[in-house]
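Residues per chain are reported as follows:
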Amino acid sequence: YGTYPTIWHNLDFSLRGQAVYFSRDRNPGEILAPVDGGRFIMQPRILWPYNFTSGYFVPEVNLHVAQYSLQNQ
């Protein structure tokens with residue numbers, strides 16, 4: 001997780017990422033092999049906060065990207 005406040009003209013930027021590999025052993029008597037594989041997630045976000053004496057306004061753009069690579073589906 002990374003946060004970069006006020007990187008340019010009061011823009012705030014943050015980035016979350018995750019990479020996971022998962023697997024499971026075959027149970028006794030199970031015919032099919034269990035699904036295993038990997039997952040990669042990336043979540044960039046940009047905010048442009050405006051603060052006023054009577055309140056605030058925060059436009060925000062988020063993107064959620066996920067990629068799976070599975071075997072034995």
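Further up the page is the structure itself.
Residues numbered from 1 in each chain as written. Predicted model: local features only at pLDDT ≥ 70, side-chain atom pairs only at ≥ 80, totals over all residues. Heavy atoms only, no water.

Undergrad: Looking at this model, I keep getting lost on the overall build of the protein. Mind explaining?
TA: What the protein contains, in helices and strands, is zero helices and seven strands. When the elements of the protein are put in sequence order from the N terminus, they spell out β-β-β-β-β-β-β. Taking the principal axes of its C-alpha atoms as reference, the protein extends roughly 70 × 20 × 15 Å. Across the 73 residues that make up the protein, the buried fraction comes to 14%. Residue pairs at least 24 apart in sequence account for 45% of intrachain contacts in the protein once pairs closer than 6 positions are excluded. Approximately 6,100 Å² of the protein is accessible, and the part contributed by carbon and sulfur atoms is 57%. Counting 5 positive and 5 negative side-chain charges, the protein places the averaged centre of each group 2 Å from the other. (Helix = DSSP H or I, 4+ residues; strand = E, 2+ residues; numbered from the N terminus. Buried < 20%, exposed > 50% of the residue type's maximum accessible area, 1.4 Å probe, protein only. Contact = heavy atoms within 4.5 Å. Areas by Shrake-Rupley, 256 points an atom, 1.4 Å probe, with all protein chains shown as cover. Lys, Arg positive; Asp, Glu negative; His and termini not counted. Charge placed at Lys NZ, Arg CZ, Asp CG, Glu CD.)

Undergrad: Just to check I follow, could you spell out the pairing of strand E3 (residues 36-47) for this structure?
TA: Looking down a regular strand, the side chains alternate between one sheet face and the other. For strand E2 (residues 11-22) and E3, the ladder comprises 11 bridges, and the chain directions are antiparallel. Its bridge partner being in E3, Ala19 is matched across the sheet by Phe40. Examined bridge by bridge, E3 and strand E6 (residues 60-62) share three bridges and lie antiparallel to one another. By the bridge assignment, Ile46 is partnered in E6 with Val61. (Pairing = 2+ DSSP bridges.)

Undergrad: Hey, could you run me through the pattern of salt bridges in this one?
TA: Pairing is possible between side chains that carry opposite charge, provided their charged atoms lie close to one another. Within this structure, the stated rule accounts for two salt bridges. Between Arg24 and Glu30 there is a salt bridge; the shortest N-O distance is 3.1 Å. Arg24 sits in the partly exposed class, given a relative accessible area of 42%. (Salt bridge = Lys/Arg side-chain N within 4 Å of Asp/Glu carboxyl O.)

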